[in-house]
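Secondary and tertiary structure notes
Letter by letter, the chains look like this.
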Amino acid sequence: MEKYQIIESTAIPLEMENIDTDQIIPARFLKATDRSGFGDNLFRDWRFDLNGNPKPEFILNDPSRTGTILIAGKNFGSGSSREHAAWALYDYGFRAIVSSFFADIFTNNALNNGLLIVQVPDEFLKRLFDAIRQNPKTIIRINLENQEIVLSERGEKEHFPINSYKKKCLLKGFDDIDYMLSLKQKIEKFESQFK
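Heads up: these notes are all about the structure in this document. (Residues numbered from 1 in each chain as written. Predicted model: local features only at pLDDT ≥ 70, side-chain atom pairs only at ≥ 80, totals over all residues. Heavy atoms only, no water.)

**A closer look at the layout of surface pockets**
For the largest pocket, the calculated volume is near 180 Å³. Taken together, F102, D104, T107, N108, L111, I117, Q119, P161, I162, N163 and K166 form the lining of the largest pocket. Those elements giving two or more residues to the lining of the largest pocket turn out to be α4 (104-112) and β5 (116-119). With 4 residues, α4 is the single largest residue contributor to the lining of the largest pocket. Among the residues forming the lining of the largest pocket, the class breakdown is 5 nonpolar, 4 polar and 2 charged. (1 Å grid on protein atoms, 1.4 Å probe; cavity = no way out; pocket = protein on both sides within 12 Å on 5 of 7 lines; lining within 4 Å. Points joined across faces, edges and corners; volume = space filled by probe spheres on them. Helix = DSSP H or I, 4+ residues; strand = E, 2+ residues; numbered from the N terminus. Nonpolar A, V, L, I, M, F, W, Y, C, P; charged D, E, K, R; others polar.)

**Let's talk about the side chain of K166**
Note on placement: K166 falls in helix α6 (residues 164-172). With residues up to four places along the chain from it excluded, the contact list for K166 reads L111, N112 and D176. (Contact = heavy atoms within 4.5 Å.)

**Side note on the packing of aromatic side chains**
Applying the stated criterion across every chain yields a total of 9 aromatic pairs. Pairing F38 with W87 gives two aromatic rings, centres 5.6 Å apart and planes at 55°, and the pair type is tilted. Of the two residues, F38 is situated in the loop between α1 (21-24) and α2 (44-47) and W87 in helix α3 (residues 84-92); the sequence distance between them amounts to 49 residues. What makes F38 buried here is its relative accessible area of 3%. Judged by relative accessible area, which is 10%, W87 ranks as buried. Between the aromatic rings of F102 and F106, the centroid separation amounts to 6.4 Å while the plane-to-plane angle is 10°, which identifies the pairing as stacked. Taking the relative accessible area as the measure of exposure, F106 reaches 3% and is therefore buried. (Phe/Tyr/Trp six-rings, centres within 6.5 Å; stacked < 30°, edge-to-face > 60°. Buried < 20%, exposed > 50% of the residue type's maximum accessible area, 1.4 Å probe, protein only.)

Function cannot be read off these values alone, since they describe shape.
Here you go:
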């Protein structure tokens, strides 16, 4: 997994609430167990028409909107517990999702797959949307170590919560197995006491 310290990028605003996992990655695309390729079908029914042509009105099809940060409306990732939703967002190129509320299972799936979840108050989310609406080139800076998200041009910042174990894993680029392997010597030392 990638190591995270700072994510600094423009952001794509998805100003919709209650985005569930079936909208993120429709169930008909869940046939694979490999994490790659799911980004092609991220928000499939919103991005493409029935003939597979991009819908120009959808934000991900706007060439002026780029970035590795997705800013979404309240209640992101609700619905089924499919891990594929996190895979699709990561495979598409997002490294952080910002919202004012996330479903718990989605949060855990995302963090387990190297996708940073940044939960901010409703008022700060509104300021992010306003800034990006006014200037699509607005830079957002997320400092994982300090647990801060900053609207760079305005200097406005907000603290965000994160599970301390998941924070440690993201900072080191560890998944759960990597973390256990990093403790191998300590585990062996502990076990040696009982031989």
